[in-house]
Amino acid sequence: MKSRELNLEEINCIKNILNYYLNKETIENFKFENLYLLYDKDRYDVIYTTKDVLKNLKLFKNIYGAGLIFGSFKKSKDKIKFTLSLEGMTLISKDIVKNYAVVNRKGEILFLYGRDIFLSSVLELKGGGRLAIFNMDREFLGIGNYGGGKIIKNVIDKGWYLREGG
């Protein structure tokens with residue numbers, strides 16, 4: 001994979017996604033200089049790492065991976081779309097103030113086993129669409145999708161790593 005710094009269009013795309021979960025001040029203080037792009041033909045991964053690692057990355061032509069995968073870009077002819085990864089959401093989770101749900105213990109257990117969440121297990125719901133899911137202790141559990149109705153669909157959760165043999 002090749003690597004390079006993010007361009008302004010890519011940074012703005014990431015800021016738009018962060019705005020969905022974070023307040024303006026938190027986004028302004030986010031360390032965008034710690035983000036770097038690893039890419040090849042079909043894959044555009046944004047990694048989050050330290051400045052020292054980034055200095056060393058610039059010494060290599062082909063890199064397979066470094067740091068945390070913060071998210072990825074999907075590019076079409078005229079537009080780019082950024083999606084936060086599970087680890088990217090984990091990184092910002094302590095600052096999330098919009099579009100989240102807090103679930104009770106039963107909801108937490110079921111969600112970590114890959115199940116959807118019934119609204120009867122939800123203690124707090126703020127927003128809709130793609131949500132950060134937290135337990136009662138405000139520990140980040142994963143990502144869900146809520147489009148109204150009686151359930152929050154499980155997109156990906158922390159239990160995924162164990163279920164998939166990671």
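Quantities reported herein were computed from a predicted structural model and do not represent experimental measurements. (Residues numbered from 1 in each chain as written. Predicted model: local features only at pLDDT ≥ 70, side-chain atom pairs only at ≥ 80, totals over all residues. Heavy atoms only, no water.)

Peer 1: An account of the sheet that holds strand β9 (residues 129–134) is needed here, citing residue identities and associated values.
Peer 2: Spatial ordering of the open sheet is given by β7-β11-β10-β9-β6-β8, a layout of six strands whose pairing is mixed. Each of the sheet's edge strands pairs with one partner strand only, and the pair in question is β7 (117–118) and β8 (122–126). As judged from the two bridges shared by β7 and strand β11 (residues 151–157), these two strands associate in the antiparallel manner. Bridged to I117 within β11 is I152. (Pairing = 2+ DSSP bridges. Helix = DSSP H or I, 4+ residues; strand = E, 2+ residues; numbered from the N terminus.)

Peer 1: So what's going on with the pattern of salt bridges? Which residues, and what values?
Peer 2: Evaluation of the coordinates by the stated rule reveals eight salt bridges. As a salt-bridge pair, E10 and R4 come within 2.7 Å of each other at their nearest N and O atoms. For E10, a relative accessible area of 0% puts it in the buried group. The shortest N-O distance in the salt bridge between D116 and K153 comes to 3.5 Å. (Salt bridge = Lys/Arg side-chain N within 4 Å of Asp/Glu carboxyl O. Buried < 20%, exposed > 50% of the residue type's maximum accessible area, 1.4 Å probe, protein only.)

Peer 1: Describe the layout of surface pockets, listing the residues and the values that go with them.
Peer 2: The space that makes up the largest pocket amounts to roughly 280 Å³. What lines the largest pocket is a set of 15 residues, among which I69, S85, L86, E87 and I156 lie closest to the centre. Residue composition of the lining of the largest pocket, grouped by class: eight nonpolar, five polar and two charged. Here the second largest pocket is characterised by a volume of approximately 180 Å³. Together, C13, I17, Y20, Y21, I80, K81, F82, T83, L84 and R130 line the second largest pocket. The set of elements that each furnish at least two residues to the lining of the second largest pocket consists of α1 (8–19) and β5 (80–84). Within the lining of the second largest pocket, the residues separate by chemical class into seven nonpolar, one polar and two charged. (1 Å grid on protein atoms, 1.4 Å probe; cavity = no way out; pocket = protein on both sides within 12 Å on 5 of 7 lines; lining within 4 Å. Points joined across faces, edges and corners; volume = space filled by probe spheres on them. Nonpolar A, V, L, I, M, F, W, Y, C, P; charged D, E, K, R; others polar.)

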